[in-house]
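# Architecture and fold: a report
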Amino acid sequence: KQNLHIHRDARGGLLDPNEYLRALMHGISLVDQHEDHVCEETIRFPLKENDSLSIGIKGIIDLQAIEKASKQHVIIDYKTSNSISSDTKFEQQALFYNFLIYKKKQQLPAKTPVHYLKLGASKEYLFTLNQLEAWEQELHRVADTILAWGHNADNYPLGKIDDLFNSKRKACLRERERRKEK
């Protein structure tokens, strides 16, 4: 019904409706292995502020549930990627979600599986309270840097302008040109 065959993926290729239907079926089977579902909860709260800036954190967690087999509270994240990430970005995302849940509910999830739905594969992450505390210190370190740099754009690095998921690419290119003109 969504005419996937006419839509393009992030790299410009046409979507394969059958591939997405298989991914959907895999996702449904995963959901069925759990109960007491909380879907797409947004958790946000303030982190740090000064007189001119306020820094908050926010995450939208795909699924929190009780795993039927173990009766444990888990966080589940879904990916539709065509490959399993070998870098640490999804682990960092899982850690962040665990941190949000812990801060909101004072509960440490038993595990956080990341399910690559199109591949039928999963990668599981487990975190300790010590890791959450270290993550909180890192968040505060980053927030302190942002507060120190303030509103002056020149203080900030440009980052990966050509990253596939940079939704502000045009603004970044303009900023790069502005800095060259100085």
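Residues numbered from 1 in each chain as written. Predicted model: local features only at pLDDT ≥ 70, side-chain atom pairs only at ≥ 80, totals over all residues. Heavy atoms only, no water.

Bringing the nonpolar core into the picture now. Core analysis: the largest hydrophobic core is formed by 24 residues, its most contacted members being Ile57, Phe96 and Leu139. Of all the secondary-structure elements, those providing two or more residues to this core are strand S1 (34-49), strand S2 (54-67), helix H2 (89-105), strand S4 (112-116) and helix H3 (129-149). With residues up to four places along the chain from it excluded, the contact list for Phe96 reads Ile57, Lys58, Gly59, Trp135 and Leu139. (Core = buried A, V, L, I, M, F, W, Y, C linked by side-chain atoms within 4.5 Å. Buried < 20%, exposed > 50% of the residue type's maximum accessible area, 1.4 Å probe, protein only. Helix = DSSP H or I, 4+ residues; strand = E, 2+ residues; numbered from the N terminus. Contact = heavy atoms within 4.5 Å.)

As a further point, take unusual backbone geometry. With phi around 45 degrees, Glu40 is a residue other than glycine that occupies positive phi space. Assignment of secondary structure puts Glu40 in strand S1.

Next up on the list: the sheet that holds S4. With mixed pairing, the five strands of this open sheet are ordered in space as S1-S2-S3-S4-S5. Each edge of the sheet is formed by a strand with only one pairing partner; in this case those strands are S1 and strand S5 (121-125). Strand-to-strand twist in this sheet, taken as the mean axis angle between neighbours without regard to direction, amounts to 35 degrees. Across three bridges, the pairing between strand S3 (residues 73-79) and S4 is parallel. (Pairing = 2+ DSSP bridges. Axes fitted to C-alpha atoms, helices over the stretch in contact; angles between N-to-C directions.)

This paragraph deals with a nonpolar patch on the surface. Where nonpolar side chains cluster on the molecular surface, the patch consists of Leu21, Leu24, Met25 and Ile28 and spans about 380 Å² of accessible area. Looking at the element boundaries, Ile28 is found in helix H1 (residues 17-31). Given the relative accessible area of 37%, Ile28 is considered partly exposed. (Patch = residues over 30% accessible without salt bridge, like charges linked within 9 Å, V, L, I, M, F, W, Y side chains within 5 Å. Areas by Shrake-Rupley, 256 points an atom, 1.4 Å probe, with all protein chains shown as cover. Salt bridge = Lys/Arg side-chain N within 4 Å of Asp/Glu carboxyl O.)

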